[in-house]
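Coordinate analysis (summary)
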Amino acid sequence: MDIFLAVLILTSLSVCLYLRLKKSKAHEGFKNFPIVGTLPLFLWNRHRYLDWTAEVISNCRTSTAVFRRPGKVHGVITANPDVVEHMLKTHFENYPKGERFVSLLEDFLGGGIFNSDGEIWRVQRKTASYEFNTRSLRNFVMENVAMEIGRRLIPVFERASETGRVLDLQDVLERFSFDNVCKLAFDYDPGCLGGDGTTGAEFMRAFANAATLSYGRYVFYCSLIIGAFVIGTCSLLPSQYYVIAKSPFRFPVFHAGPRMCLGKDMAFIQMKSIAAAVIERFHVEVVENEKAPKYLLSLTLRMENGLQVMLKKRHTMDLLS
């Protein structure tokens, strides 16, 4: 009963403070209230967290703002490439994941390279770097990508184009990636993209659910994300290539600095191979192309309700026009 009463009081206080805030003048950064800090607005905007933080950051001259919660625990949210570079590269050693981060993801990631600091991380990074730079591994990835495209992805698209079935492109590409990652990491083919591309994904779903639940621990217990890099809107693939080439700290999709994703080159192999194979054979039309996608809070940036598309086969003359 005491917990319920506390939650009720906090919720009521949050609503009152928010209504008061709506009448106040706009200001730079997050609105901080006595005692509760930014928590009321976090609760109010919890279902649109990325949009909310992007709006706040865009109104900050430095593209950086302090996020305060009850007590003395604060967080920094930034979209400033110079600040990102400071944290991820220049003074990398000063910004470890920390015990809280590691403990919240330990059930999911254990003490592996994605969830460790210091010497434990350095040893794993060195070992993994050697493996990822071998010619045999690169050839293995390219062969598997070609096989997955030819035997699974294209047949799924062809059947969809023939029957007029709407496909969730996000789901299809996640299945494609999951199959390839499992082959690379575990020498196991889960066959998530087999058949019509809608079955055989129990392991993938379990993995995705575990990631979502693990991320939820931050939202529920911490009520903040330290060092979050806010991306307000989704770019088209050519735009992403341009931004990544320009500065890895402006759009750190593959992270940056010493923790730069080791699978970056292999991810580009997948993206370019899929884009070339699909564009050559199909017209891809987004079903609801007038609506901007809504994003889900997760360990990876995903679109709510996926990306529904319809495919039509290209004719030879289409490629010449």
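Residues numbered from 1 in each chain as written. Predicted model: local features only at pLDDT ≥ 70, side-chain atom pairs only at ≥ 80, totals over all residues. Heavy atoms only, no water.

With an unreviewed UniProt entry as reference, the chain is termed Cytochrome P450 94B3-like, source organism Momordica charantia.

**With respect to the nonpolar core**
Counted only if it meets this: The term nonpolar core refers to a set of buried residues drawn from Ala, Val, Leu, Ile, Met, Phe, Trp, Tyr and Cys, joined through side-chain atoms within 4.5 Å. A 1.4 Å probe rolled over the protein chains alone gives each residue an accessible area, and that area as a share of the maximum for its type sets the label: buried under 20%, exposed over 50%, partly exposed in between. Strands here mean DSSP runs of E at least two residues long; helices mean DSSP runs of H or I at least four residues long; both are numbered from the N terminus. The contact rule is simple, with two residues in contact once any of their heavy atoms fall within 4.5 Å.
In this structure, Ile149, Leu153, Phe157, Leu167, Phe176 and Leu311 are the most contacted members of the largest nonpolar core, which totals 21 residues. Counting residues per element, the ones that place at least two in this core are helix H7 (135-163), helix H8 (169-186), helix H11 (264-281) and strand E8 (308-313). When sequence neighbours within four positions are dropped, the list of residues in contact with phenylalanine 176 reads Val145, Glu148, Ile149, Leu153, Leu193, Gln270 and Ile274. The next biggest cluster of nonpolar side chains, apart from the first, holds 17 residues, and it includes Leu41, Tyr49, Ile57 and Phe67.

**Digging into the sheet that holds strand E5 (residues 282-286)**
Test applied: Two strands pair if DSSP finds at least two bridges between them. Orientation is described by axes fitted as lines to C-alpha atoms, over the contacting stretch for helices, and by angles from 0 to 180 degrees between their N-to-C directions.
In spatial order, the strands read E3-E8-E5; together these three strands make up an open sheet with antiparallel pairing. The two strands at the open ends of the sheet, each matched to only one other strand, are strand E3 (167-168) and E5. Pairing between E3 and E8: two bridges, direction antiparallel. Note that in E8 the partner of aspartate 168 across the bridge is glutamine 308. Packed onto the sheet, H11 meets E5 and E8 and runs at close to 100° relative to E5.

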